[in-house]
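What follows is the residue order along each chain.
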2 protein chains.
Amino acid sequence: MAPQLDGYFKQVDTLSDHFIERLRKAVAIPSISADEERRPDVVRMGQFLADELTALGAEVQQRPLVVIARYGNDKKKRTILVYGHYDVQPAGKEDGWATEPFELTVDSKGRMYGRGSTDDKGPVLGWLNAIEAHQKAGVEFPVNLLMCFEGMEEYGSEGLDDFINAEAKKFFADADAVCISDNYWLGTEKPCLTYGLRGCSYYSVEISGPGQDLHSGVFGGTAQEPMTDLMRVLASLVDTHGNIQIPGLAELVAPLTDDEKALYGDIAFTMDNLYESLGSTTSIYPDKEKTLMARWRYPSLSVHGVEGAFSQPGAKTVIPAKVIGKFSIRTVPNMEPEDVDKLVYNGKWWVASPKHWNFTAAAKATERVWGVKPDLTREGGSIPVTLTFEQATGKNVLLLPMGSSTDAAHSINEKLDKKNYIEGIKLLGAYLHYVAEEPMTS
Amino acid sequence: MAPQLDGYFKQVDTLSDHFIERLRKAVAIPSISADEERRPDVVRMGQFLADELTALGAEVQQRPLVVIARYGNDKKKRTILVYGHYDVQPAGKEDGWATEPFELTVDSKGRMYGRGSTDDKGPVLGWLNAIEAHQKAGVEFPVNLLMCFEGMEEYGSEGLDDFINAEAKKFFADADAVCISDNYWLGTEKPCLTYGLRGCSYYSVEISGPGQDLHSGVFGGTAQEPMTDLMRVLASLVDTHGNIQIPGLAELVAPLTDDEKALYGDIAFTMDNLYESLGSTTSIYPDKEKTLMARWRYPSLSVHGVEGAFSQPGAKTVIPAKVIGKFSIRTVPNMEPEDVDKLVYNGKWWVASPKHWNFTAAAKATERVWGVKPDLTREGGSIPVTLTFEQATGKNVLLLPMGSSTDAAHSINEKLDKKNYIEGIKLLGAYLHYVAEEPMTS
C-alpha cells in the first residue's frame, strides 16, 4: 500500500518560503573548499548545518570538515545513510555571473541562482527540510536517517574514504542502504535515478630530450624536439570520431546485450538537449541512442593539454626540453584499472542494480511526487564517493538527483529551480517513506 | 699593406682593467626593457652610454630608447655604421644564477658573469673602448663611425625599423657599410663572421567546437573535441626526424650547390659542441655537415605549445572548447613569406655575400687579432634588424660577434669571457682599420 504522504506534501508547500530562506542562508556562506582563505567559511557552513540539524532533534557529530548526524534510532525501522557536500566551487562576478554568486536570486521563472544552490547545498538541505516538514505535519518519520555531509568534495574529498571506512562499522553500522543526491537529471523535464557511473583513468606522457629549453632558431632542425614526438603520441590515441585507437582497449568493454540496448530508446533525452549543453551542434553521433551509449556504456578518451610547453597568448620560439601530455580515459564495465595501464590517477566505474529495493522505492517516490516514472540513468562522469560507500558498507547505493541538467554546476550562473528544490524536498521525504516499506530484494 | 695596429693593441691591453670597469658599470644598470618598472633603468643606461660617448668626443643624439652617435666626420674616410643594444633580458638570483646577475663577477678563468655582459653591453662598449684606445695610443681613428645603440631589442625593437628608415638618408646617410655585434661564435675556440640568418614564420592553428569548456565525464565520447583534432594537425607537420611534412615546402628551398656543400667541412664545429649546447646527445644527424646544413640552410619546424588547454601540473578533466596550437618555421632562401602561408608573424631570412669588402676586411682583422682565419657562419636564428639595416641603407651588413657560444645569452649565468671582451675590443678596432683600406668589391 502506498504511504500516506498528503499531509507531508502539503506541509512542504506551506513551508516553501522557509525552505528557500534556509537555502539563501546556506548560499550566503562562501564555503569554497579549494580556496584556503575560504576554509573558515567551510567550517562555518558545517556549523550552520550542525546547528540546524541539532535544532531538528538530530544527534550530530562534527568532525574536521565532515558533519555526521543521526535522526531516529528505531530498531524496527530501516536505516538509510544519505551523503551530500556543503562546500562549493569558486565563484565571482568577474567570472561572468549575472547575479551575485553568493546571494540566492530567484527570477520570475523560479530559477534560484547562487553558487551551491544545486551542487550540493540544495539537496543537502532537502534532507533537513524533509525532517522538518514531517515534524510540522505530524507525520512519523519513516526511517532512521544517517547523514554524512562533507565539506571537501570540490577539493578531492581528501581523507573521506578513510573516514567512511572507519565509520562503516561504527556510526554507519546499521545503514541498510545509501542515497546520494549529488548529480543531475539527464534533461530538464524528467527526473531520473542514476545507477551507473563511468570511471576515470588519468595519464601523463612525459617526453624529454635536450638538457634545457632551446632556441628554435639556433637548434631547430638539428635537435630532436620532444613536442614533435608528444604530438605524435597524443594524436595516435583517438581518432576524430572519438574512437579510441589503443589496441586491445575495445576488447575490455562489456558487450552490449539486446536487453541493455532496448533501454536507451525510452530515455527522455533529445539531441537538442545535448546541443544546448554543448553550446554547439558538434556532436559525434547524430542520434540519441548512440549518444547515450557513448556517454554511459562506452569509454572515451580526452586529451586535456600539455605541461611544459608554451601556453600563453602570443609567439614564443622556444623548443621545450621536457613536455608532459595529459589525457584521461573514462572507463566502463569491465575495464579493470590494472588492464588500463600506466595509471596516474584512477577512479573506477560504478554500476548498481536498478532493481534493488532502494531503487524501486525511489522510483515509486519519484512517480508519486513528479507523476512520471523516472528514467534510469547512468552518468558519464564519476562521483568517487559512490563506490566508497558501496564498498565500505556493502550496501546498495542510489543516486537521486534534485537539480536539472541546466543548473550549471561548476559553471557561472549556477542555479537550482525552485520547482526542483521544493518538489525535490518532497521526493526525498517520499523516498524515505517508500524505502521504509519496499519489499526487500537483493 | 696591413694597417699599423701594434700601438692600438698594446693600449687595449694597458686599458683592460679600465674597460672591464666600464662593463661593470653598465652591467650594474638593470636595463630590462621587457619589465616596465625597469624602463627608467633602460633610460639610465642610454644616458650612461651617451655620457661616455660625449666624453670620448662623439656627437651624440638621444632619442627615446635609442642613442645615435657619430665619431669622426672626415670626407676622405669611409663611414661605418655599427649597431648594438643596451637593454637586457630579465634576470634574478631566483632563476638559478650562481652570482648576482647585475654584478659583474669575474672568475679565475676570466669568465665575466653578468646579465648583458655578452648580450649586448660588452660588444656595445667594445666600440667605445676602441675609440678610447685609439685616442690614448695616439693612433688616428681609421673611419668615421656611426653608432646606433638601441634600448628595446629584447622587447621586439618596437619602432626601430621606422627609426632606421627615417634616419637612413639623414643621420646614417653617409654609411658605407654596417657592422652588428649581436651574435655568437659557433663554438668556443674560433671566431666567426656571420653572413646569413634564417627567417621565422610563426603560425597559430585555432580549433574550436563546443560553446564552452566541457566536463570530460559528462560529454566525453559524445562531443567532438578540439584537442583531438589539434593534436592530429600538429603531429602532421613534421616527422620525428625533423622532416617538414608540409607538401611543397621543400621545393621552395634553394638547391644545394657543390660549391656551397664544400663550405661545411672546414667549419670549426664538432658534434660534441652541439651535444654540449643541447645538454644531451639527442641530435637529429650524427655528423657535422648535415647538422650545420640543417641549422643554416634548411628550414625547420618547431611546435611550441598549445594555448587554451590544461597546462598546469596535476590532473584536470576538462575538454577545452577552443585550443590554439603554435608552431614556427625557420625559413631559408628562397622561401618567400607569401609562399609560406597563413602567416601571423614573419621575419625574413638574410644572407649577405661574405666576399664583400666589409667581410674581407673583418676577416683580415680577425686573423690579425686571433691569429686564425674566421669561419664564415650563418645563424639558425634571426636578428631582424640586420635585414632592416640592409634594406634601409642598401649597404652590406656584417655580423661580427664578440661573445662565444657558451655565454648563455637569454639564460641564467650569462657571461662574457674576459679574453673575448679584450681581444674583441681589439678586433673591433682592427676591423675599422682594415675596412678603411680594403679594396672595394661589390
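Conventions we followed
Residues numbered from 1 in each chain as written. Chains lettered and ligands numbered in written order. Predicted model: local features only at pLDDT ≥ 70, side-chain atom pairs only at ≥ 80, totals over all residues. Heavy atoms only, no water. Pairing = 2+ DSSP bridges. Helix = DSSP H or I, 4+ residues; strand = E, 2+ residues; numbered from the N terminus. Contact = heavy atoms within 4.5 Å. Axes fitted to C-alpha atoms, helices over the stretch in contact; angles between N-to-C directions. Buried area = accessible area lost by both parts, 1.4 Å probe. Salt bridge = Lys/Arg side-chain N within 4 Å of Asp/Glu carboxyl O. Polar contact = N/O pair within 3.5 Å; in protein donor to acceptor, adjacent residues only side chain to side chain. Nonpolar A, V, L, I, M, F, W, Y, C, P; charged D, E, K, R; others polar. Domains from an automatic or database assignment. Parallel < 35°, antiparallel > 145°, perpendicular 65-115°, else oblique. Left-handed = near helix turned anticlockwise from the far one by under 90°. UniProt positions renumbered as here; feature names shortened; annotations may be inferred.

With that settled, the discussion passes to the sheet that holds strand β4 (residues 105–106) of chain A. All names here are of chain A. Pairing is antiparallel across the open sheet formed by three strands, whose spatial order is β4-β5-β18. Lying at the two open borders of the sheet, with one neighbouring strand each, are β4 and β18 (415–417). Sheet analysis places β4 next to strand β5 (residues 111–113), joined by two bridges and oriented antiparallel. Across the sheet, the residue bridging to V106 is M112, located in β5. Against the sheet, helix α13 (residues 418–437) contacts β5 and β18, and its axis sits at roughly 60° relative to β18.

With that settled, consider the interface of chain B and chain A. Often, the extent of an interface is quoted as the loss of accessible area on bringing the components together. Facing 67 residues of chain B, the contacting portion of chain A comprises 67 residues. Taken together, the two surfaces of chain B and chain A that pack against each other cover about 5400 Å², and 54% of this comes from carbon and sulfur. By the criterion of area lost to chain A, the three top residues of chain B are T222, Q224 and H304 of chain B, representing 11% of everything that side buries. If you look at where chain B meets chain A, you find zero salt bridges. Our count for the chain B to chain A interface comes out at 41 residue pairs in polar contact (both at pLDDT 80 or more). Of the residues belonging to the side of chain B that touches chain A, the class tally is 27 nonpolar, 30 polar and 10 charged.

So, on to the sheet that holds strand β18 (residues 415–417) of chain B. Residue and element names in this part refer to chain B. One open sheet accounts for three strands, arranged β4-β5-β18; its pairing is antiparallel. Strand pairing shows two members of the sheet lacking a second neighbour, β4 (105–106) and β18, which therefore form its edges. Lying over the sheet, helix α13 (residues 418–437) contacts β5 (111–113) and β18, oriented at roughly 60° with respect to β18.

The next point concerns unusual backbone geometry. With an omega of 15°, the peptide bond running from D119 of chain A to D120 of chain A counts as cis. For D120 of chain A, the position within the fold is in helix α4 (residues 117–137). With phi around 65°, L65 of chain B is a residue other than glycine that occupies positive phi space. Topologically, L65 of chain B is positioned in the loop between β1 (59–63) and β2 (66–71).

Take the domain arrangement of chain A next. Looking at chain A, the domain boundaries give domain 1 (6–197 + 350–437) and domain 2 (200–254 + 297–347). Just the C-alpha atoms count here: the centres of domain 1 of chain A and domain 2 of chain A sit 37 Å apart.

Residues and elements named next belong to chain B. One way to put it is that helix α1 (residues 6–14) packs onto α13 with a least axis distance of 10 Å and a crossing angle of 150°. If you check the angle between α1 and α13, you find them roughly antiparallel. Crossing hand, α1 versus α13: right-handed. For the pair α1 and α13, contact is made by Y8, F9, V12 and D13 and by I422, E423, I425, K426, G429 and A430, respectively. Partitioned by chemical class, the residues of the contact of α1 with α13 number six nonpolar, one polar and three charged.

Looking now at the UniProt feature "binding site: Mn(2+) 2" (unreviewed entry) in chain A. Residue and element names in this part refer to chain A. This chain's UniProt record puts "binding site: Mn(2+) 2" (unreviewed entry) on H85, D119 and D182. Spanning 98 residues, the named residues nonetheless gather at one spot, since no C-alpha pair among them exceeds 8.1 Å. Its location among the elements puts D119 in helix α4. Only 2.9 Å separates the side chain of D119 from the side chain of H85, close enough to count as a polar contact.

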